[in-house]
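Inside the fold
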Amino acid sequence: KSFASVTETAVGRLACFIAVGGILFVLPLFWFQSRVLLNPLTKMTKEVSELGRRNSDVDCPRLEWRGKDEFALLAASVNRMLETISARSVSIAQADARHQALIACLPDALAIFDPGGRVVAITKPPEGADPMPGLTPGDAPDAAVFGQGPVDGFLRTLGEIFRGRKVGKVELEASSVGGVRHFDLRVTRMDEYFALAVVRDVTEEAAEHSLRLAAEARAHDSMKRESLIQLAAGIAHDLNNVLSIVLNAAAP
């Protein structure tokens with residue numbers, strides 16, 4: 001009984017010693033882990049999460065980190081990545097601004113088609129044709145406006161573009177209330193899903209071409225009439241000479 005009592009007391013004291021020692025050892029370990037090891041990581045996570053919100057008006061935000069530990073190297077890597085993203089964003093914005101300025105200066109319309117010939121989007125109508133007849137987003141070119149034959153020709157050209165042809169040219173005539181409008185379409189492939197068509201309203205050019213052809217035809221007819229008159233005058237002159245000789249020879 002005495003041995004059992006001594007053993008129980010010794011085990012109890014040993015358990016108390018281990019518990020007290022464990023508490024005195026574990027608590028400083030947790031404190032060291034939270035303050036020395038995990039605190040920089042928590043701070044870094046917070047800085048990264050608040051980077052965009054605190055620097056919304058800055059073109060290239062940066063992480064400010066003091067020290068020369070591993071987290072400073074991580075902050076430097078993040079800053080280099082942000083500088084690269086910022087530089088590319090600026091380059092993309094400048095390229096987009098140039099493209100928008102180029103589109104605004106063009107007198108032509110830009111229409112995007114899918115492989116089925118349906119209009120995906122139209123950036124703007126060509127000058128002088130607002131709204132643009134026969135082309136409606138979500139639909140193929142209207143055969144009632146352009147005619148079934150020209151529409152079929154455009155769809156064939158579009159299919160050739162998606163099969164590898166670089167540039168295709170199509171001429172369409174749109175019948176509207178104001179008369180017949182002439183459009184020149186140059187089609188090229190953007191990617192495997194879309195094709196771009198530059199649409200130019202050439203109604204005035206077509207009218208001028210018709211007038212020029214009519215003027216050339218009138219000039220050609222006038223030259224033909226003048227040539228016939230000269231030919232008739234030459235024949236009459238030669239015939240008059242022959243008749244004069246005959247009359248002179250027949251005179252007594």
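Residues numbered from 1 in each chain as written. Predicted model: local features only at pLDDT ≥ 70, side-chain atom pairs only at ≥ 80, totals over all residues. Heavy atoms only, no water.

Some points on the confidence of the model for the protein chain
Here the protein chain averages 77 in pLDDT, while 82% of its residues score no lower than 70. When pLDDT is averaged over each element of the protein chain, helix 5 (residues 148-162) comes out on top at 89 and helix 2 (residues 51-54) at the bottom at 67. (pLDDT = per-residue confidence, 0-100. Helix = DSSP H or I, 4+ residues; strand = E, 2+ residues; numbered from the N terminus.)

Points about the pattern of salt bridges
In total, this model carries three salt bridges according to the counting rule given. Across the pair Asp114 and Arg118 runs a salt bridge whose closest N-O atoms are separated by 3.1 Å. Two residues, Arg165 and Glu160, come together in a salt bridge whose shortest N-O distance is 2.5 Å. Relative accessible area serves as the criterion here: at 33%, Glu160 is assigned to the partly exposed category. (Salt bridge = Lys/Arg side-chain N within 4 Å of Asp/Glu carboxyl O. Buried < 20%, exposed > 50% of the residue type's maximum accessible area, 1.4 Å probe, protein only.)

Quick word on the nonpolar core
Here is a general trend for soluble globular proteins: nonpolar side chains tend to be buried in one another's company. Phe113, Phe146, Phe154, Leu158, Leu185, Val187 and Val199 are the most contacted members of the largest nonpolar core, which totals 21 residues. Elements with a minimum of two residues in this core: strand 1 (109-113), helix 4 (143-146), helix 5, strand 3 (167-176), strand 4 (179-189) and strand 5 (195-201). At five residues, the largest contribution of residues to this core is made by helix 5. Apart from the residues lying within four places of it in its own chain, the contact partners of Phe154 are Phe113, Pro141, Val170, Leu185 and Val187. In this structure, Leu51, Trp65, Ala75 and Leu82 belong to the second largest nonpolar core, which totals nine residues. (Core = buried A, V, L, I, M, F, W, Y, C linked by side-chain atoms within 4.5 Å. Contact = heavy atoms within 4.5 Å.)

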